[in-house]
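Report on the structure
Here is what each chain is made of, one letter per residue.
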Amino acid sequence: MDSIIIQGGGELQGQIPIAGAKNACLTLMPATLLSEEPLTLTNVPRLSDIATMSQLLQSLGAEVSSLADGQVVAMSSHGADNPVADYEIVRKMRASNLVLGPLLARHGRAVVSLPGGCAIGARPMDLHIHGLEALGAKIELKDGYLHADAPKGLKGARIALRFASVGATENIMMAASLAKGTTELVNAAREPEIVDLANCLRAMGAEIEGAGSGTITIEGVDRLHGATHPVIADRIELGTYMLAPVIAGGEVELLGGRIGLLESFCEKLDEAGISVSETKNGLRVSCKNGRVRAVNVKTGVFPGFPTDLQAQMMALLCTADGESVLEETIFENRFMHAPELIRMGAQIDVQGGTATVTGVERLKGAPVMATDLRASVSLILAALAAEGETVVSRVYHLDRGYERVEEKLGACGARIERVKT
Ligand code: EPZ
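What this report covers is the structure whose coordinates are included nearby. (Residues numbered from 1 in each chain as written. Predicted model: local features only at pLDDT ≥ 70, side-chain atom pairs only at ≥ 80, totals over all residues. Heavy atoms only, no water.)

Counting 75 residues, the largest nonpolar core has L57, V99 and L201 as the members making the most contacts within it. Counting residues per element, this core draws most heavily on helix α6 (residues 166-176), at six residues. Ignoring any residue separated from it by four or fewer positions in sequence, one finds L201 in contact with A31, L34, M173, M174, S177, A206, I208 and L224. Counting 71 residues, the second-largest nonpolar core is a separate cluster that includes A233, M242, V285 and I380. (Core = buried A, V, L, I, M, F, W, Y, C linked by side-chain atoms within 4.5 Å. Buried < 20%, exposed > 50% of the residue type's maximum accessible area, 1.4 Å probe, protein only. Helix = DSSP H or I, 4+ residues; strand = E, 2+ residues; numbered from the N terminus. Contact = heavy atoms within 4.5 Å.)

As structure tokens, this is what we get:
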């Protein structure tokens, strides 16, 4: 298992290229199952989660080729005849559940292992099941697998989600694209990744309106054709690296970044005294004057403050001037970075879904442990300005969602290296 060692101190100067969005790619790839013709994705991020999804699709009979040093994924599910998504692969990545809707639409049946809990929460699938049953599927849980059957195919329906679940919205959209008749999905998730999926499905011939609003209307079609689709920029990687020059000092240009992907996050940065400006090629970020102001953060569904940037924001607020309150409303256990930041000298009091951070002058480097994807990168951010050396262990968590983090930060002057342990 690799570790990453960071010597704190030293400003950052330079440019960081923003990769394609992991959370868009992980729903775009299963869409290949909806057509017998090839689907090619470009601007694909080079991440272990993408490799896991490729492995899963291959186990379902799809051909998946990674080209151009991993930035292009060419898929063909012409021969995909296996509707069973095996536990051995699914347990590695919750997003594997995004093959459920496509398998059901393609084969009229699907057997998908429940992903099992993960570090940040129980991650139930009741909303996915509710939506697909509304489309006519019979779904039951047996031996840890969801057995879904729709022998007569799927039929359009009006579906109202009690919570704007991203994954449930994606599974329902993909299944409804090949259902007979019209589906109206109410209280749908509005994330940019949902819009990207809709754009890809439309390029494949689907009839989808309203993606990005709370109500999505899908007119089912008999078949979808192939397409080539560019993955949108990763707004979570963008937000993460926007905080690096603020924490470490200096100025960095994030290539490919646009404020439109992160409006509520940028508003919060402005409140904290951080300047963000759009450049010809992306975003430029720097700290307007010295110490960051403490701010309160409450995560929410899009367009609210992204839960996937909560850990990174906490790393910033550990050395802000004053007391900040962070409220995590999306996942029930997403403060595991707090005890690790406390090891670095942070003052954080966690009570249930609320963390109160009292800013200190400077953190101190320490050996810390990554626990989940976003927690691990928050430790890297905190280490950039900490006094002395920080060793972050179990960085396989990091590699799931961040492409070559030590290269991107190292290119801007961070003293960071990966070691095999
Ligand atoms: C997606 O997960 C993202 N993953 C997550 O990013 C992200 O944090 C999350 O959306 C929220 O924005 C991918 O896109 C691959 P949800 P997803 O369904 O679809 C509850 C990262 O770090 N829920 O919107 O699983 C659930 O328990 C990852 O990149 C139900 O109760 O998120 C959670 O509390 C982490 N029943 C909340 O909704 C369901 O059927 C949000 O879940 C489904 C979800």
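Having seen the model, we can carry on.
A separate point is the site of the ligand. Looking at the ligand, there are 23 residues lining it, with D126, L127, S165, D308 and I330 nearest. In this structure, R123 approaches the ligand through a side-chain N or O atom, which is 3.0 Å from an oxygen atom. One of the side-chain nitrogen or oxygen atoms of R334 is found 3.2 Å away from an oxygen atom of the ligand. Starting from 820 Å² of accessible surface for the ligand in isolation, the protein chains cover 89%. (Near = heavy atom within 4 Å. Polar contact = N/O pair within 3.5 Å; in protein donor to acceptor, adjacent residues only side chain to side chain. Areas by Shrake-Rupley, 256 points an atom, 1.4 Å probe, with all protein chains shown as cover.)

If a probe the size of a water molecule is rolled over the atoms, the empty space left behind becomes visible. Counted as a void, the second largest pocket has a volume near 310 Å³. Together, 20 residues line the second largest pocket, and V246, I247, A248, T319 and A385 are the ones closest to its centre. When residues of the lining of the second largest pocket are traced back to their parent elements, those giving at least two are α8 (235-248), α10 (310-317) and α12 (373-385). At four residues, α8 tops the list of elements feeding residues into the lining of the second largest pocket. Its residues assigned to classes, the lining of the second largest pocket comprises 12 nonpolar, four polar and four charged. (1 Å grid on protein atoms, 1.4 Å probe; cavity = no way out; pocket = protein on both sides within 12 Å on 5 of 7 lines; lining within 4 Å. Points joined across faces, edges and corners; volume = space filled by probe spheres on them. Nonpolar A, V, L, I, M, F, W, Y, C, P; charged D, E, K, R; others polar.)

The full count for this structure, using the stated rule, is two aromatic pairs. Taking 5.7 Å as the distance between ring centres and 55° as the angle between the ring planes, the aromatic pair formed by F265 and F305 counts as tilted. Note that F265 is positioned in helix α9 (residues 263-271) and F305 in the loop between β18 (297-298) and α10, a separation of 40 residues in sequence. Across the pair, F305 and F265 agree in class, each one buried. (Phe/Tyr/Trp six-rings, centres within 6.5 Å; stacked < 30°, edge-to-face > 60°.)

Here we take up the pattern of salt bridges. Any two side chains of opposite charge can pair, given that their charged atoms come close. Per the counting criterion, the structure on display carries 25 salt bridges. With a shortest N-O distance of 3.8 Å, R202 and E209 are connected by a salt bridge. Taking the relative accessible area as the measure of exposure, E209 reaches 52% and is therefore exposed. Among the ionic contacts, a cluster of salt bridges with common partners joins R46, D69, E237, E403, R404 and K408. (Salt bridge = Lys/Arg side-chain N within 4 Å of Asp/Glu carboxyl O.)

Moving on: the sheet that holds strand β21 (residues 354-358). Across the sheet, four strands lie side by side as β18-β19-β21-β20; this open sheet has mixed pairing. Both edges of this open sheet fall to β18 and β20 (347-351), since each of them pairs with a single strand only. Of the strand pairs in this sheet, β18 and strand β19 (residues 323-327) are connected by two bridges, and their pairing is parallel. Its bridge partner being in β19, V297 is matched across the sheet by L326. (Pairing = 2+ DSSP bridges.)

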